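# Observations on the model geometry
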Amino acid sequence: MLMLRMIKLGTGIAGHVVPALANLKVVNAIDFAESSVNSVTSKIIQGVDYSLAYLEESRRLEGVELRQLGSYLEANNSDKLLGNLYRMTTKDGHVKWVCRHHYRAGYQEAQTQKLRDVVKLAGGVFDEQLGRIEVTIKSSFAAAEFYDALCKAKAGVHDLDITFGWDCYRTDLEAFDKALKMSSVSILRLDVERFQASIASKLLPTSTRYQILVRIIEHTSMKMIHIVLSKDFVKLSSLQPKRSSHLHKLSFEMIPRASDFRELLKSLKTNTTLTALNLRDNSIREEGALALSETLKTNTTLTTLNLQYNLIEKKGALALSEALKTNTTLTTLNLECNWIENEGAQALSETLKTNTTLTTLNL
């Protein structure tokens, strides 16, 4: 534009004198060119001003709309899912929507890491390749943290070996039952030996007191279950689930009180689930050994029997040796620290010549 004006009026350029174009009668052309440039410049400035105003307005409207959308989603989308997008919160506190792939890669990894941390804090072992966790939980609070991490991680945990290492109650088992429903566990070893029946629960019918364990057994996702029972679950007949076709194996293990021995023998005659029985230091004596021997003749599930420190004498050992001639399931029998004498030991040794299932005999 400046160059056009210089040419129009006439001036010196690089030592050369340029005559005024007014004398050459081309001023109108210069004026037209200058007018065109001004017109284009004006339109450009107007366009830029319009664009800035539009962007400013759009930014203001976008903020309002996003706030409205956020309020709607908080009220109507508690599961953090919209179509195929998942809502996440960044470290800075911002909301971010991601596709299924990135959700699994990011959010799920964070949840899996939380599960690793919880298991490690409890002194447990998390084998991610096998999808197996072995852990001892020592309080209701720690249990709640573990359940939450287990359900959210969904990290392919199929095999769970969990010990309730505190004096737990029915409410603790109910919380565990809810967690199992939301998990992917199908193989379970549950140790509730320290379970305590409250005074109120002892007043309830037997079937009601055992109902929580029955519910766990009846989870259709379960394939194998082994439960270490407390002394309050001696009535095994009450632990028979109404449906168990989904289970490949169901077994129990327990250490009953001496006062519950008779009740236990009744259950063993019909029970088809108890596989391990620890009667150590129960003072069952000769009479108890004779009664137990009769039960072993018909029982077809018990594989491990511990009879240490029970004041069993020669007569009881002879009865047990007779039972072993027909029993075809017992694999381990521990009779250490009893008074069976040489004759009793000899009779049991002779039994091993015909019994093909007993592999471990401790005298």
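For the structure, see preceding data.
Residues numbered from 1 in each chain as written. Predicted model: local features only at pLDDT ≥ 70, side-chain atom pairs only at ≥ 80, totals over all residues. Heavy atoms only, no water.

### Observations regarding the side chain of S230
To keep things clear, this is the line we draw: Note on conventions: DSSP H or I runs of at least 4 residues are helices, E runs of at least 2 residues are strands, and numbering of each starts at the N terminus. Buried means the residue's accessible area, taken with a 1.4 Å probe over protein chains only, is under 20% of the maximum for its type, while exposed means over 50%, and partly exposed covers the values in between. Here a residue-residue contact requires only that any non-hydrogen atoms of the pair lie within 4.5 Å.
Its place among the elements puts S230 in the loop between strand 10 (224-229) and strand 11 (249-254). Overall, S230 belongs to the buried group, its relative accessible area being 1%. Those residues in contact with S230, other than ones at most four positions away along the chain, are V192, E193, F195 and M254.

### What about the packing of aromatic side chains?
Defined as follows: Aromatic contacts are taken between Phe, Tyr and Trp rings whose centres are within 6.5 Å, Trp giving its six-membered ring; a plane angle under 30 degrees counts as stacked, one over 60 as edge-to-face, and the others as tilted.
Counting across every chain of the model gives four aromatic pairs. Within the aromatic cluster, the residues linked to one another by ring pairs are F146, Y147, F164, W166 and F176.

### Quick word on the pattern of salt bridges
When their charged atoms lie close together, side chains carrying opposite charge are able to pair. How we decide: By salt bridge we mean one thing: a side-chain nitrogen of Lys or Arg within 4 Å of a carboxyl oxygen of Asp or Glu.
What the rule picks out here adds up to 16 salt bridges. Between R132 and E134 there is a salt bridge, with the nearest N and O atoms lying 3.3 Å from each other. On the basis of relative accessibility, which here comes to 41%, the residue E134 falls in the partly exposed class. A salt bridge links D260 to R257; its shortest N-O distance comes to 3.2 Å. For D260, a relative accessible area of 15% puts it in the buried group. A relative accessible area of 33% places R257 in the partly exposed class. Taken together, the shared-partner salt bridges connect R132, E134, D159, D161 and R189 into one network.

### Some details on the pairing of strand 11
Operational definition: By the convention used here, strands pair only if DSSP detects at least 2 bridges between them. Place the viewer so that the strands point away; then a crossover is right-handed whenever the path from the first strand over the helix to the second strand goes clockwise.
Summarising the sheet, strand 10 and strand 11 pair through six bridges and their orientation is parallel. Across the sheet, residue I227 finds its bridge partner in strand 11, namely F252. As paired strands, strand 11 and strand 12 (residues 274-278) are joined by three bridges and run parallel to one another. Its bridge partner being in strand 12, E253 is matched across the sheet by A276. One crossover worth recording links strand 11 to the parallel strand 12 by way of helix 9 (residues 261-270), and it is right-handed.

### Looking at the sheet that holds strand 9 (residues 187-191)
Definition in use: Orientation is described by lines fitted to C-alpha atoms, with helices fitted over the stretch in contact, and by angles between N-to-C directions that extend from 0 to 180 degrees.
In spatial order, the strands read 6-7-8-9-10-11-12-13-14-15; together these 10 strands make up an open sheet with mixed pairing. Two strands lie at the open edges of the sheet, namely strand 6 (125-127) and strand 15 (360-362), each paired on one side alone. Between one strand and the next, the sheet's axes are offset by a mean angle of 10 degrees, whatever the strand orientation. Examined bridge by bridge, strand 12 and strand 13 (residues 304-306) share three bridges and lie parallel to one another. Bridge pairing links L277 to L305 in strand 13.

### Structural notes on the environment of K152
Along the chain, K152 turns up in helix 4 (residues 140-153). A relative accessible area of 39% places K152 in the partly exposed class. Taking the C-alpha atoms as reference points, K152 and Q108, 44 residues apart in sequence, are found 8.1 Å from one another.

### Thoughts on helix 11 (residues 314-324)
Residues of helix 11 that are buried: G316, A317, A319, L320, S321, A323 and L324. Contacts made by the buried residues of helix 11 are with helix 10 (285-296), strand 14 (332-334) and helix 12 (341-351).

### Topic: unusual backbone geometry
We note that D281 has phi near 55 degrees; this positive angle belongs to a residue other than glycine. On the secondary structure map, D281 appears in the loop between strand 12 and helix 10. The backbone phi angle of S283 is positive, close to 50 degrees, even though this residue is not glycine. Within the secondary structure, S283 sits in the loop between strand 12 and helix 10. Judged by its relative accessible area of 39%, S283 is partly exposed.

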